Amino acid sequence: MTLDEKKNAYAALIVKAGGRVRPGQKVFLRCPVECYEFGRLVARKAYEAGASEVDTEWQDLYLSRMRLDYAPMEVFTHCPEWTALKLNTYAQSDVVFISLRGADPEIFKGVDPAKQAAEMRAMHEPLKVYHKMLTTMGFKWTIAGVPTTGWARKVYPMINEQVAVTRLWDAIFETVRIGDGDAYGKWMAHAENLAGRCAAMTAWQFKTLRYESANGTDFTVGLAEHHRFEGGADRDPADGGPFFANMPTEEVFTMPDCRVAEGTLVASMPLSWQGCLIEDFRLVFHEGAVVDYDARRGKETLRRLLESDEGSRRLGECALVPYPSPVSAQGILFYNTLFDENAACHFALGQCYETNIEGGPEMTEEELKAHGGNVSMNHVDFMVGTADLKITGTRADGEEVVVFQNGTWAF
Ligand code: ZN
Ligand code: ZN
């Protein structure tokens, strides 16, 4: 397949598998302005699939950066009514959100973090409806990668920019199974495989999982009562058909009990948060909360993340990803959570996914907390998976089962 043929297949896959656009549905597309040609291709595929309208928002992070650099603090401390109105209304109108992302992982390096923090706080309350529906899959949404020069430069610093962009396209295609053969069919088979893993893990109902790795990770996390492992396809709220919130997706994940976490987790990959990198870091937990941390680079960013709110110091997601995967097979660090999280076991600090426990979506915030669910304005994945990671599950009756051995499924 030529590069153009692959782009074509990828755009079609994003619409058909990722967003599962149905005839008559409206699409809200976000795309980096630099990738406008691919954005147009995705819009065309959506119309061809019967979309009634594709409302497109071109994003330019260089302009976002300028705004952070120049605009005064007052701009960031309140959320305009229309911003909230648009997202909350779309969320409740069964609009398909398609988000194409390709940010330079250090785009916001050095900006005033107080402005970013203020904006996040200001958005939290007005966007509650949107966020609640997003985390409970109340509408269909999908996030997929598109290479920008800023991102490609970071992934391949030693080669010519144009070549780097093409290489990054190719790496992305590999991770989403674009190549010879029917990509959609491959996605469905992959989803079935993940569903099998989820069913097996859910059936164990482990009380805790213990993580051990030679890099210093020695950590035990509690899982929420009546947790469910989820992964692969999400369900269209209208008819239960499969869609994919993340492309690629290799994880099966569940809800940790945010009150139960002990020991040290050593990150196995850098983390880009709010356009800043945190590298070589570790977190020490006691009674579910981070009580100590360190980072070789970006410690200040890590501190801001942990101190954003109470829930940011606790875990909201526990995800298992075998070390060998189409993402890790690329042999690169993507510096982009969408990809890196699908190359290694990870946790998320912050907000949990209500769908990860029985009856979760119907619970109030208080009920959710009583079940060990974490509540936060953040949800930030960080990677801990290594080639030698061992994970042992312990059931309520004390029975132990080795779940992961040498970085991959042990059963
Ligand atoms: Zn995850
Ligand atoms: Zn996550």
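Above this text sits the structure in question.
A quick note: this is a predicted structure, and the numbers were derived from the prediction, not measured.

A. Highlighting the coordination of the zinc ion (ligand 2). Donor atoms from the polypeptide that bind the zinc ion (ligand 2) are Glu317 (OE), His379 (NE2), Asp381 (OD) and Asp381 (OD), placed at 2.0 to 2.5 Å. Bound by 4 donor atoms, the zinc ion (ligand 2) shows angles of 55 to 139° at the metal and therefore irregular coordination geometry. When the donors of the zinc ion (ligand 2) are listed by position in the chain, the intervening gaps give E-x61-H-x1-D. The distance between the zinc ion (ligand 2) and the zinc ion (ligand 1) comes to 3.4 Å, with Glu317 serving as a donor to both metals. One end of the pair, Glu317, is in strand E16 (residues 315-320); the other, Asp381, is in strand E18 (residues 379-383), and 64 residues separate them in sequence. Classification of Glu317 by relative accessible area gives buried; the value is 2%. On the accessibility criterion, Asp381 (8% relative accessible area) is buried.

B. Main features of the packing of helix H1 (residues 3-18) against helix H9 (residues 183-204). Contact geometry of H1 with H9 gives a least axis separation of 10 Å together with a crossing angle of 40°. With respect to H9, the axis of H1 lies oblique. Considering the relative orientation of H1 and H9, their crossing is right-handed. Counting all contacts with H1, which are made through Leu13, Lys16 and Ala17, the residues of H9 involved are Ala183, Tyr184 and Trp187. Of the residues in the contact of H1 with H9, the class split is 5 nonpolar, no polar and 1 charged.

C. Structural context of the coordination of the zinc ion (ligand 1). Those protein atoms acting as donors to the zinc ion (ligand 1) are Glu251 (OE), Glu317 (OE), Glu341 (OE) and His346 (NE2), and they sit at 2.0 to 2.5 Å. In primary sequence terms, the donor set of the zinc ion (ligand 1) follows E-x65-E-x23-E-x4-H.

D. Region of interest: the sheet that holds strand E11 (residues 252-254). Reading across from one edge, E7-E11-E16-E17-E18 is the order of the 5 strands in this open sheet, with antiparallel pairing throughout. Each end of this open sheet is capped by a strand with a single partner; those strands are strand E7 (230-231) and E18. Of the pairings in the sheet, the one linking E16 to strand E17 (residues 346-350) comprises 4 bridges and is antiparallel in character. What sits directly across from Ala319, in E17, is His346.

E. Broad picture of the side chain of Thr264. By the secondary structure assignment, Thr264 is in strand E12 (residues 256-266). The buried category is assigned to Thr264, whose relative accessible area is 18%. Those residues within four positions of Thr264 in sequence are excluded, and the remaining contacts are Gly216, Thr217, Asp218, Phe219, Arg282, Leu283 and Val284.

F. Highlighting the sheet that holds strand E3 (residues 96-101). An order of E2-E1-E3-E4-E10 is seen for the 5 strands of this open sheet, with the pairing classed as parallel. The open sheet has two edge strands, strand E2 (53-59) and strand E10 (246-247), and neither has a second partner. Of the pairings in the sheet, the one linking strand E1 (residues 26-32) to E2 comprises 7 bridges and is parallel in character. Bridged to Arg30 within E2 is Glu57. Taken strand by strand, helix H4 (residues 81-91) contacts E1, E2 and E3, and its axis lies near 130° from that of E1.

G. Here's a closer look at unusual backbone geometry. Cis rather than trans, the peptide bond between Met247 and Pro248 has omega equal to 5°. Within the secondary structure, Pro248 sits in the loop between E10 and E11. A positive phi angle is found at Arg177, which is not glycine, with a value near 65°. Among the structural elements, Arg177 can be located in the loop between helix H8 (161-175) and H9.

H. Representation of the nonpolar core within the structure. Counting residues in each nonpolar core, the largest one holds 66 residues, and the members touching the most others are Tyr10, Val27, Phe38, Phe97, Ile98 and Leu100. A per-element tally of this core places H8 first, with 7 residues. Counting contributing residues, this core receives three or more from each of domain 1 (3-175) and domain 2 (205-231 + 248-409). If near-sequence neighbours (up to four positions away) are discounted, Val27 is found in contact with Val21, Ala46, Ala51, Glu53, Val54, Asp55, Val95, Val96 and Ile98.

I. Looking closely at the packing of aromatic side chains. The full count for this structure, using the stated rule, is 24 aromatic pairs. With 5.5 Å between their ring centres and 70° between their planes, Trp409 and Phe411 make a pair best called edge-to-face. Here Trp409 falls in the buried class, since its relative accessible area comes to 13%. The lysine or arginine in question, Lys16, covers the ring of Tyr184, its NZ or CZ lying 4.1 Å from the ring centre.

Calculation notes
Residues numbered from 1 in each chain as written. Chains lettered and ligands numbered in written order. Predicted model: local features only at pLDDT ≥ 70, side-chain atom pairs only at ≥ 80, totals over all residues. Heavy atoms only, no water. Donors = N, O, S within 2.8 Å, 3.2 Å for Na, K, Ca; no water. Tetrahedral: all angles 85-135°; square planar, octahedral: opposite > 155°, others 65-115°. Helix = DSSP H or I, 4+ residues; strand = E, 2+ residues; numbered from the N terminus. Buried < 20%, exposed > 50% of the residue type's maximum accessible area, 1.4 Å probe, protein only. Axes fitted to C-alpha atoms, helices over the stretch in contact; angles between N-to-C directions. Parallel < 35°, antiparallel > 145°, perpendicular 65-115°, else oblique. Left-handed = near helix turned anticlockwise from the far one by under 90°. Contact = heavy atoms within 4.5 Å. Nonpolar A, V, L, I, M, F, W, Y, C, P; charged D, E, K, R; others polar. Pairing = 2+ DSSP bridges. Core = buried A, V, L, I, M, F, W, Y, C linked by side-chain atoms within 4.5 Å. Domains from an automatic or database assignment. Phe/Tyr/Trp six-rings, centres within 6.5 Å; stacked < 30°, edge-to-face > 60°. Lys NZ or Arg CZ within 6 Å of the ring centre and 35° of its normal.

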